[in-house]
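Residue-level listing of the chains:
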Amino acid sequence: MYNKINVIIAILALCLVASCKNKKVDDSQRQSEFIKPASMNYSHEDTMRINQLMEDYVAGFAAKDYDRTANMLYKVVNDTVYPFSEKEKENYKKAMAQLPNYGCKMKSFILHSDKNNEVAFYVQMVPNGDLEKEIGVTTLTLNPVVKDGKWYLTIRDKHAEGVKDVYKDE
């Protein structure tokens, strides 16, 4: 009787181990259905350039130097990249000056295509907030775009030319 119980326990243990292994494969297969690959190849230089643009932008934003950050912004119209107009810069500076800003920190970096990317940063909105613990913060998102090998920062707008939700069924 003792041997039969041991055999049954051993069989159940093997079944459990086998089912766990199969579940991991299924999970990884399921995960690949949700993670969409980028539609272009990014070089190390692309990543470095985007990172440098964002570091400069976040540093200017943290210093409340909205002239500096406004001068870094572009828009895409009919597949052409244009700098913000003087009126757009003024509107941007007025809006950002109204935003409480007690510091900034990079949040995330997701690249999808030449005109559809997301680089987000935290802005601490309250004096007793905490960027590290994400307390009292909001997230602002930019969209780096590339044209003729050069990277530009645009404000992330889901209605902008070339921007789409890559996870939404088409």
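This text goes with the structure placed above it.
Notes on the structure follow. Quantities reported herein were computed from a predicted structural model and do not represent experimental measurements. (Residues numbered from 1 in each chain as written. Predicted model: local features only at pLDDT ≥ 70, side-chain atom pairs only at ≥ 80, totals over all residues. Heavy atoms only, no water.)

1. Focus: the nonpolar core
Condition: By nonpolar core is meant a set of buried Ala, Val, Leu, Ile, Met, Phe, Trp, Tyr and Cys residues that side-chain atoms within 4.5 Å join together. To sort residues, take the accessible area from a 1.4 Å probe on protein chains only and compare it with the maximum for the residue type: under 20% means buried, over 50% means exposed, and anything in between is partly exposed. Note on conventions: DSSP H or I runs of at least 4 residues are helices, E runs of at least 2 residues are strands, and numbering of each starts at the N terminus.
Counting residues in each nonpolar core, the largest one holds 23 residues, and the members touching the most others are Tyr 57, Phe 61, Tyr 92, Phe 121 and Leu 153. Put simply, the parts of the chain that give this core at least two residues each are helix H2 (44-62), helix H3 (66-70), helix H4 (86-98), strand S3 (104-111), strand S4 (117-124), strand S5 (137-147) and strand S6 (150-155). Here the element with the most residues in this core is H2; it accounts for 6 residues.

2. Overview of unusual backbone geometry
Here Lys 64, not a glycine, exhibits a phi torsion of approximately 60 degrees, which is positive. Along the chain, Lys 64 turns up in the loop between H2 and H3. A positive phi angle, near 50 degrees, is found at Asn 78, a position not held by glycine. Take Asn 78: it is sitting in the loop between strand S1 (73-77) and strand S2 (80-83).

3. Remarks on the sheet that holds S5
Selection rule: For two strands to be treated as a pair, DSSP must find at least two bridges joining them. Note on geometry: axes are C-alpha line fits, over the in-contact stretch for helices, and angles between N-to-C directions span 0 to 180 degrees. Residue contacts are defined here by distance: any two heavy atoms, one from each residue, within 4.5 Å place the two residues in contact.
As summarised here, the arrangement of the 6 strands in space is S2-S1-S6-S5-S4-S3, forming an open sheet in which the pairing is mixed. Of all the strands in the sheet, the pair left with one neighbour each is S2 and S3. Across the sheet, the axes of successive neighbouring strands diverge by a mean angle of 40 degrees, strand direction being ignored. Summarising the sheet, S5 and S6 pair through 6 bridges and their orientation is antiparallel. Residue pairing for S6: Lys 147 is matched across the bridge by Lys 150. H2 contacts S1, S3, S4, S5 and S6 of the sheet and is inclined by roughly 150 degrees relative to S3.

4. Section: the environment of Leu 131
Take Leu 131: it is sitting in the loop between S4 and S5. When the C-alpha positions of Leu 131 and Gly 103 are compared, they lie 7.6 Å apart, and in sequence the two are 28 residues distant. Contacts of Leu 131, omitting those with residues within four sequence positions, involve Gly 103, Cys 104, Lys 105, Tyr 122, Val 123, Gln 124 and Val 137.

5. A closer look at the packing of aromatic side chains
Just so we agree on the cut-off: To pair, rings of Phe, Tyr and Trp, with the six-membered ring standing in for Trp, must have centres within 6.5 Å; the planes then decide the type, stacked if under 30 degrees apart, edge-to-face if over 60, and tilted in the middle. Remark: a charge is flagged as sitting over a ring if the NZ atom of Lys or the CZ atom of Arg is within 6 Å of the ring centre and within 35 degrees of the ring normal.
Taken as a whole and judged by the stated rule, the model has 5 aromatic pairs. Ring plane angle 70 degrees and centroid distance 5.7 Å describe the contact between Tyr 57 and Phe 121, whose orientation is recorded as edge-to-face. Linking Tyr 57 in helix H2 with Phe 121 in strand S4, this pair joins segments that are 64 residues apart in sequence. Seen from their ring centres, Phe 61 and Tyr 66 are 5.2 Å apart, and the 70 degrees between their planes marks the pair as edge-to-face. Accessibility expressed as a relative area gives 8% for Tyr 66, which makes it buried. Members of the aromatic cluster, connected to one another through ring pairs, are Tyr 57, Phe 61, Tyr 66 and Phe 121. When the ring centre of Tyr 102 is taken as origin, the NZ or CZ atom of Lys 64, which lies over that ring, is 5.9 Å away.

Remember, this is a structural readout, not a statement about activity or role.
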